[in-house]
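# Tertiary structure, described
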Number of protein chains: 2
Amino acid sequence: MHELIEKMMLPAFKNPWLEARHDSALIELAGLRLAFTTDSFVVSPLFFPGGDIGSLAVHGTVNDLAMAGAKPLFLSAGLILEEGLSMDTLWRVVQSMGSAAEACSVRLVTGDTKVVDRGKGDGIFINTAGIGIIEHGLTIGPKSVRPGDTVLLSGDIGRHGMAIMTAREGLAFESSIESDSAPVASHVQRLIAAGIEIHCLRDLTRGGLASALVEIAEASSLHIEIEERSVSVRGDVRAACEVLGLDPFYVANEGRFVAFVPAAQSEQAVGLLRSDALGAEASVIGEVRAEPSGQVTAQTAIGGCRIIDLLSGDQLPRIC
Amino acid sequence: MHELIEKMMLPAFKNPWLEARHDSALIELAGLRLAFTTDSFVVSPLFFPGGDIGSLAVHGTVNDLAMAGAKPLFLSAGLILEEGLSMDTLWRVVQSMGSAAEACSVRLVTGDTKVVDRGKGDGIFINTAGIGIIEHGLTIGPKSVRPGDTVLLSGDIGRHGMAIMTAREGLAFESSIESDSAPVASHVQRLIAAGIEIHCLRDLTRGGLASALVEIAEASSLHIEIEERSVSVRGDVRAACEVLGLDPFYVANEGRFVAFVPAAQSEQAVGLLRSDALGAEASVIGEVRAEPSGQVTAQTAIGGCRIIDLLSGDQLPRIC
């Protein structure tokens, strides 16, 4: 995917917005700063512990806007339905989208529905695009990261990917793992309102924590060092990962992000994130250094050091 | 689809934007008037005479923005690829999107790509969402239509649907029918710039001319009467429709629209539309009356009158 985007999409649509490689494009219109983003959702199964494709499609786009520091305002929804889908399933998904949008205070203002023949789709695919408004003066992105910055993580990792995997494979662990799918825009707004000088934000979707950190290290040409044991992974998630031979650092999340902030504000920022249930496990997980440029390393629990790299395959296909 | 939207989507996302039932949602932000719209494209085959899914995905959304009288500015693109799709096919589609965007002067600023398993998609599905700016003070929509208004049609009808149909079914007519897929935003902008007081615009996509007129007659509670022989249908399109038992009035177009304008300005408006090749066949096709409310009638060539109604089935599935 990384290669596809670099080699095909960027040359075909050459423009500064795509080249910024942000989750959202930043648009200036008559003095107004807007963020604009899109995401398609093809998750299988459609319903999973802790969420469904409808709420996921709202949270995913709201979170991409939040990662630009934008306040999400408006969503579009494009539904592609496979012939034979039950009206009951569709109604549950549509209602879930409606409730999620209301909970995020975004308005779903325009939509489209297409039906494809049986066997040419997979139940429901949903695309959402979103518009948010940027009301701060920060430049949030990898280029703003500085040596000495603190890396914050907004909660425990790996739950969304493992919830999907266990639901899809019919694996039964002692307890059911619930997805962490949730909107994070209000958390980001809280940091900004308190004057935290956020340098970079990234949500930990496909590729998980590891891929997000590697992308930021590469784009900023800096070294990110994290401490493994500071990264919260629930016991059941860790156990499920072990059984399936997966590394939780690479497993997808849908309600988690990293924030790069000046060290002097890190304690205040963690306190702000922890002020509600969603951010209860927020923590400092590492810091930024100048060298070795473009690299992510992890101090392991037994005192070693490992290099974190991009995975070449996909650990978990169709998790979003 | 009509029923699905009325009974499911509107209640789930209850808000004034959706209830306006426009092609685009009108958004006001700090004094700025924007249009926001989305459309998914699932056309089969991906390539057809006169276009492909890539250019169609750009034109479709640009045209939806144009129907609000907006100047299209930014697009998002969400691609859903079926595993096994050739890179060559993808590259052709992506290049076609890039060229179409450039020709329309819109920037494709944000995108997303997902891959689904073989047999769970159909080559490529594309969603585009678009943002445009409204720089006029007109209220364009069915509620602004008035008795006495003239109905303009921007060109000949039926070509897109018949191009898809003949390509899909491998039908060989004497000449190949090319889709009319084209962006119409510059035509609308030309009318607005010249001071034409546009009351309503509607592009003639799914359901064709007939469905667009019926929807406007119902929403405005007025009577639209058209003269059948004023509606331009190419000979090969008419012949293909006859062979297949289709009515060209219901066949989809992707570069045609109707405009409702005050009678006093209709001649000037037709002249403006005809000033380039795309609008060369623009014509006056009818007028608006008060009664019978909500009805569309057509004066036939032999002097009769027929009532135009919505089709309950889909004449041509997956034409966009």
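The model shown is predicted, which means the values in this text are computed figures rather than measured ones.

## Let's talk about the overall build of chain A
- Regarding its fold elements, chain A presents 9 helices and 14 strands.
- Here the C-alpha radius of gyration of chain A, 19 Å, is about what a compact globule of 320 residues would show, namely 20 Å.
- Of the roughly 12,000 Å² of accessible surface on chain A, 50% is carried by carbon and sulfur atoms.
- Treating the 25 positive side-chain charges of chain A as one cloud and the 40 negative ones as another, the clouds have centres 2 Å apart.

## As for the packing of aromatic side chains
- In total, this model carries 2 aromatic pairs over all chains according to the counting rule given.
- A ring pair is formed by A:F36 and B:F36, whose centres lie 6.3 Å apart and whose planes are at 80°; its orientation type is edge-to-face. In this pair, A:F36 is assigned in strand β2 (residues 32-41) and B:F36 in strand β2 (residues 32-41), connecting two distinct chains. Considered together, A:F36 and B:F36 belong to a single accessibility category, that of buried residues.
- Plain terms: the ring middles of A:F125 and B:F125 are 6.3 Å apart, the flat faces sit at 50° to each other, and that makes the pair tilted.

## Considering the relation of the copies chain A and chain B
- With an RMSD of 0.0 Å, chain A superimposes on chain B once it is rotated by 180° and translated 0.0 Å along the axis. These values place the two chain copies in the arrangement generated by a two-fold rotation axis. Closest approach to the rotation axis among the C-alpha atoms of chain A is made by A:G121, whose C-alpha sits 2.2 Å away.
- Most of the interface of chain A is mirrored in chain B, where 100% of its interface residues again form contacts.

## What to know about the pattern of salt bridges
- For the structure shown, the criterion picks out 28 salt bridges over all chains.
- Here A:E227 and A:R229 are joined by a salt bridge, their closest N and O atoms 3.2 Å apart.
- Assessed through its relative accessible area of 64%, A:R229 is described here as exposed.
- Between A:E287 and A:R289 there is a salt bridge, with the nearest N and O atoms lying 3.3 Å from each other.
- One salt-bridge network, in which partners are shared between bridges, spans A:D39, A:R206, B:D112 and B:K114.

## Topic: the sheet that holds strand β6 (residues 107-116) of chain B
Residues and elements named next belong to chain B.
- Spatially, 5 strands are ordered β1-β2-β7-β5-β6 in an open sheet, and the strand pairing comes out mixed. Of all strands in the sheet, those bounded by a partner on one side alone are β1 (25-29) and β6. Taken over all neighbouring pairs, the strand axes of this sheet differ in orientation by 20° on average, direction set aside.
- Sheet analysis places β2 next to strand β7 (residues 124-133), joined by 8 bridges and oriented antiparallel. Bridge assignment links D39 to a residue of β7, and that residue is T128.
- Each of β2, β5 (71-82) and β7 is contacted by helix α3 (residues 53-66), which is oriented at about 145° to β2, the strand it contacts most.

The rules behind the values
- Residues numbered from 1 in each chain as written.
- Chains lettered and ligands numbered in written order.
- Predicted model: local features only at pLDDT ≥ 70, side-chain atom pairs only at ≥ 80, totals over all residues.
- Heavy atoms only, no water.
- Helix = DSSP H or I, 4+ residues; strand = E, 2+ residues; numbered from the N terminus.
- Rg over C-alpha atoms; globule rule 2.2 N^0.38 Å.
- Areas by Shrake-Rupley, 256 points an atom, 1.4 Å probe, with all protein chains shown as cover.
- Lys, Arg positive; Asp, Glu negative; His and termini not counted.
- Charge placed at Lys NZ, Arg CZ, Asp CG, Glu CD.
- Phe/Tyr/Trp six-rings, centres within 6.5 Å; stacked < 30°, edge-to-face > 60°.
- Buried < 20%, exposed > 50% of the residue type's maximum accessible area, 1.4 Å probe, protein only.
- Least-squares fit on C-alpha atoms with pLDDT ≥ 70 in both.
- Contact = heavy atoms within 4.5 Å.
- Salt bridge = Lys/Arg side-chain N within 4 Å of Asp/Glu carboxyl O.
- Pairing = 2+ DSSP bridges.
- Axes fitted to C-alpha atoms, helices over the stretch in contact; angles between N-to-C directions.

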